[in-house]
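For reference, the chains in residue letters:
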Amino acid sequence: MPDDECWMRLALEAARTCLEVDEVPVGAVVIINGQLVAQAGNRMRTGCDPTAHAEILALRAAARQVGNYRLTGATLYVTLEPCAMCAGALVQARIQRLVFGATDPKAGAVVSHFGLCTTDVLNHRLLVTGGVLAETCGDLLRDFFRQRRGAVGP
């Protein structure tokens, strides 16, 4: 869709804010009716919270904004394929559409493993589009981990 790259660039902005606080650079935005409702980046380390993934923080902020935990009609854009926790939260929030950048071959639970957002076993299914600005999203993560490995030494 034409706006996907535009919204993914906002998710990338949120991901870049993570670098300022030494968090893994993953960003997410929630869009409803063509309007930005929430934007967040990972904050697990700074918040001492294993659930503070960008998607979860964006969902929480969006739910508060609209006054309902069900975000029907919403699209969530995220720079990295969601993990099982986040994919489950997207289903619970009744997100209509998920758009992600880079796949996550280790922990991705949408297309890499499990298919949690599209399985007919759960009570809700999302429309899923992957690979939007995938190279840019992946490069941001690769550069972050490359720098961390270099800073640690042998």
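Here, the structure is the one placed above.
Please read these numbers as outputs of a predicted model, since none were measured by experiment.

How each quantity is defined
- Residues numbered from 1 in each chain as written.
- Predicted model: local features only at pLDDT ≥ 70, side-chain atom pairs only at ≥ 80, totals over all residues.
- Heavy atoms only, no water.
- Helix = DSSP H or I, 4+ residues; strand = E, 2+ residues; numbered from the N terminus.
- Rg over C-alpha atoms; globule rule 2.2 N^0.38 Å.
- Buried < 20%, exposed > 50% of the residue type's maximum accessible area, 1.4 Å probe, protein only.
- Contact = heavy atoms within 4.5 Å.
- Disulfide = S-S within 2.5 Å.
- Salt bridge = Lys/Arg side-chain N within 4 Å of Asp/Glu carboxyl O.
- Core = buried A, V, L, I, M, F, W, Y, C linked by side-chain atoms within 4.5 Å.

Chemist: Could you clarify how one ought to interpret the overall build of the chain in this entry?
Modeler: A count of helices and strands for the chain gives five helices and five strands. Ordered by position in the sequence, the α and β elements of the chain form the string α-β-β-α-α-β-α-β-β-α. Relative to the 2.2 N^0.38 estimate, which gives 15 Å for 154 residues, the radius of gyration of the chain is 15 Å and therefore close to what a compact globule would have. Overall, the C-alpha framework of the chain stretches about 50 × 35 × 30 Å when taken along its three principal axes. With 154 residues in all, the chain has 47% of them scored as buried. In the chain, the proportion of contacts linking residues at least 24 apart, taken out of those at least 6 apart, comes to 57%.

Chemist: How should the state of the cysteines be read in this particular structure?
Modeler: Disulfide: a covalent bond connecting the sulfur atoms of a pair of cysteines. Following the criterion strictly, the structure yields zero disulfides and no others. Lacking any disulfide linkage, Cys-18 is separated from the closest cysteine sulfur, that of Cys-137, by 12 Å. No disulfide involves Cys-117; its sulfur sits 9.8 Å from that of Cys-86, the nearest cysteine. With a relative accessible area of 0%, Cys-117 lands in the buried category.

Chemist: Even after reading the chapter, I still don't get the pattern of salt bridges, so can you show me in this structure?
Modeler: Oppositely charged side chains can pair when the atoms bearing their charge come close. Applying the stated criterion to the full structure yields six salt bridges. Of the charged contacts, one joins Asp-139 and Arg-142 as a salt bridge, the two residues approaching to 2.8 Å between their closest N and O atoms. Of the two residues, Asp-139 and Arg-142 both sit in helix H5 (residues 134-152), three residues apart, roughly one turn of that helix. Take Asp-139: its relative accessible area is 33%, and that puts it in the partly exposed class.

Chemist: Hey, could you run me through the environment of Val-91 in this one?
Modeler: With respect to the element layout, Val-91 can be found in helix H4 (residues 84-92). The class of Val-91 is buried, set by a relative accessible area of 2%. Taking the C-alpha atoms as reference points, Val-91 and Arg-70, 21 residues apart in sequence, are found 9.5 Å from one another. Once you skip the residues sitting within four places of it in the chain, Val-91 turns out to touch Leu-116, Cys-117, Leu-122, Asn-123, His-124 and Leu-126.

Chemist: What is the right way to read the nonpolar core from this model?
Modeler: A general tendency of soluble globular proteins is for nonpolar side chains to be buried together. Among the nonpolar cores identified, the biggest contains 47 residues, and Ile-95 and Leu-98 are the most heavily contacted of them. Put simply, the parts of the chain that give this core at least two residues each are helix H1 (4-19), strand E1 (27-32), strand E2 (35-41), helix H3 (54-66), strand E3 (74-80), H4, strand E4 (97-102) and H5. When residues no more than four places from it in sequence are discounted, the contact partners of Ile-95 are Leu-59, Leu-71, Ala-74, Thr-75, Leu-76, Leu-90, His-124 and Leu-126.

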